[in-house]
Amino acid sequence: MARKTLALSLFWRTFCLLAILLAGGVFAWVQTLRALEFEPRAVESAQQIAGLVNLSRAALQQADGINRIALVKTMAQQDVVRVAPREPGDRWESYEVDRFTRRVSRELRAALGEDAIVASSVNAKPGMWVGFTIDGDSYWLQIDDNHASPLTSNTWFVWIGIALLATLVGSVAIARLINRPLKQLSFAASRIREGDLDSRLDENTLTSEIREVNRGFNRMARELARVEEDRAVMLAGISHDLRTPLARLRLETEMSVSDDEAKRNMALDIDQLDAIIDKFMDYARPGETQLRPVHVAQLVDREAAGFRDPSQIRIHSRVAIDLKVLADETELGRVLSNLFENARRYGRGTDTGIAEVSVSYARTGPWVILTVRDNGPGVPQEKLSQLTTPFFRGDAARTAATGAGLGLAIVEKAMQRMGGSLELANAPDGGLMAHVRLRRAP
């Protein structure tokens, strides 16, 4: 069994590659910013704290003994910066717990002296505590530890979140911009495949590679249109040239052949050649269609009326009288006529030799599916997909058939011109089913 591979559209492939690239760039930017931001922030924090310590020290040094005690009491009551005497029994915990705090402590000792103490708590009171001495007296300076801290995780998350959101939005915009010409090319190619040879792409786009591709596509479309036009003209000319000698043969047969049996067989051969020419003309017919609401039941009855011989085919319609589809009435009539003719030739029952054909329908959302079914032997499953190939017949026994091998190819081409589709399948209990899918008329 073949392994299933993950299939991504070009848009999502471009989006994923751009997102990975930009996300990698954001990650590298964050790491670089952290490395560049770390040391300046530690030095700046240490300088600010050292400045507060030096200011407090200078204020205390300028006061005499009595005023110093009053000043210490006043500074001990402050909310942001507090100064308190350092007692011999004070218990404190070291401030140095990570790389940032070690760098801050090192900068503080370099600014205040090696005897400076930096603690994260004193006597179970958290904060940033700096111990210093004045004239042999020891003091604590307590400040909020937010003054000496790196960027918090929340700040990093906000920055990274904004960067990733910008990455996603930018990736979507860039992917759409890159894939827009390819999407236009894909749409134009699908129009060409459906027979619209007038599809053209912009040849004045700014991107040189896309401009060359569009010019090549337009040249290809013009060449296909020219080939299609030449083919239609050639087939029309051949058909016109063939019908003149066929008319003479018919006249000479009626006048020169005395044997009635031979005359009848020759007339049948001429009629067969004339019918084959009609098939060629139908297949080469231009693709212009005018879609209008069409009453399906009336059209089925009209086309079924052309097959009057009950010894060869019997057509039973179960189509609602009010069912309407958007179609070209002439094209849809040609579709039904070819399906009935195909059933008459190849869908006869093995017991009766009569082609029992039923026409039914189903509504599925905005679509209507007409089903034309015969009770013949059906077609081998592996050959179903080839039945719409021009000049292909389903099995070797059909090589003696009198058709041109274009009936189902004409049906498929007509359905494409009307914006519908044709699907062929074998019925579970025998016979071939042709599902004709068209849009419902409002």
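Residues numbered from 1 in each chain as written. Predicted model: local features only at pLDDT ≥ 70, side-chain atom pairs only at ≥ 80, totals over all residues. Heavy atoms only, no water.

So, about the packing of aromatic side chains. Summed over the entire model, instances satisfying the criterion amount to two aromatic pairs. With a centroid separation of 6.2 Å and an interplanar angle of 85°, the aromatic rings of Trp-129 and Trp-140 are classed as edge-to-face. Here Trp-129 is found in strand E4 (residues 125-134), whereas its partner Trp-140 is found in strand E5 (residues 137-143), with eleven residues between them in sequence. The residues Trp-129 and Trp-140 share a single accessibility class, namely buried. With a centroid separation of 6.0 Å and 90° between ring planes, the pair formed by Phe-307 and Phe-340 is classed as edge-to-face. Of this pair, Phe-307 sits in the loop between helix H7 (296-304) and strand E7 (313-317) while Phe-340 sits in helix H8 (residues 329-346); the two residues are 33 residues apart in sequence, bridging distant segments of the chain. Neither Phe-307 nor Phe-340 differs from the other in exposure class; each is buried. The positively charged end of Arg-86 is found above the aromatic ring belonging to Trp-140, 5.5 Å away from the centroid. Across the ring face of Trp-367, the terminal group of Arg-437 is positioned such that the distance to the ring centre comes to 3.9 Å. (Phe/Tyr/Trp six-rings, centres within 6.5 Å; stacked < 30°, edge-to-face > 60°. Helix = DSSP H or I, 4+ residues; strand = E, 2+ residues; numbered from the N terminus. Buried < 20%, exposed > 50% of the residue type's maximum accessible area, 1.4 Å probe, protein only. Lys NZ or Arg CZ within 6 Å of the ring centre and 35° of its normal.)

Strand order in the open sheet formed by five strands is E1-E5-E4-E3-E2, and the pairing between neighbours is antiparallel. Strands with a single pairing partner mark the edges of an open sheet, and in this sheet they are strand E1 (81-85) and strand E2 (92-94). Here the average twist between neighbouring strands, direction ignored, is 40°. The pairing of E1 with E5 spans five bridges and is classified as antiparallel. Looking across to E5, one finds that Pro-85 is bridged to Tyr-139. (Pairing = 2+ DSSP bridges. Axes fitted to C-alpha atoms, helices over the stretch in contact; angles between N-to-C directions.)

Running from N to C, H8 and helix H9 (residues 407-417) cross one another at 155°; their axes reach a closest spacing of 9 Å. Put simply, H8 runs roughly antiparallel to H9. Crossing hand, H8 versus H9: left-handed. From H8, Glu-331, Arg-334, Val-335, Asn-338, Leu-339 and Asn-342 reach across to H9, where they touch Gly-407, Leu-408, Ile-410, Val-411, Ala-414, Met-415 and Arg-417. Split into classes, the residues belonging to the contact of H8 with H9 amount to seven nonpolar, three polar and three charged. (Parallel < 35°, antiparallel > 145°, perpendicular 65-115°, else oblique. Left-handed = near helix turned anticlockwise from the far one by under 90°. Contact = heavy atoms within 4.5 Å. Nonpolar A, V, L, I, M, F, W, Y, C, P; charged D, E, K, R; others polar.)

Here is a general trend for soluble globular proteins: nonpolar side chains tend to be buried in one another's company. The biggest cluster of nonpolar side chains holds 39 residues, and the ones touching the most others in it are Leu-332, Val-335, Leu-339, Phe-340, Met-415, Val-436 and Leu-438. Those elements that provide at least two residues to this core are H7, strand E8 (324-327), H8, strand E9 (355-364), strand E10 (367-373), H9, strand E11 (421-426) and strand E12 (432-439). Not counting residues within four places of it along the chain, the set of residues in contact with Met-415 comprises Val-335, Gly-420, Ser-421, Leu-422, Val-436, Arg-437 and Leu-438. Among the nonpolar cores identified, the runner-up in size contains 22 residues, and Ile-49, Ala-50, Val-53 and Phe-132 belong to it. (Core = buried A, V, L, I, M, F, W, Y, C linked by side-chain atoms within 4.5 Å.)

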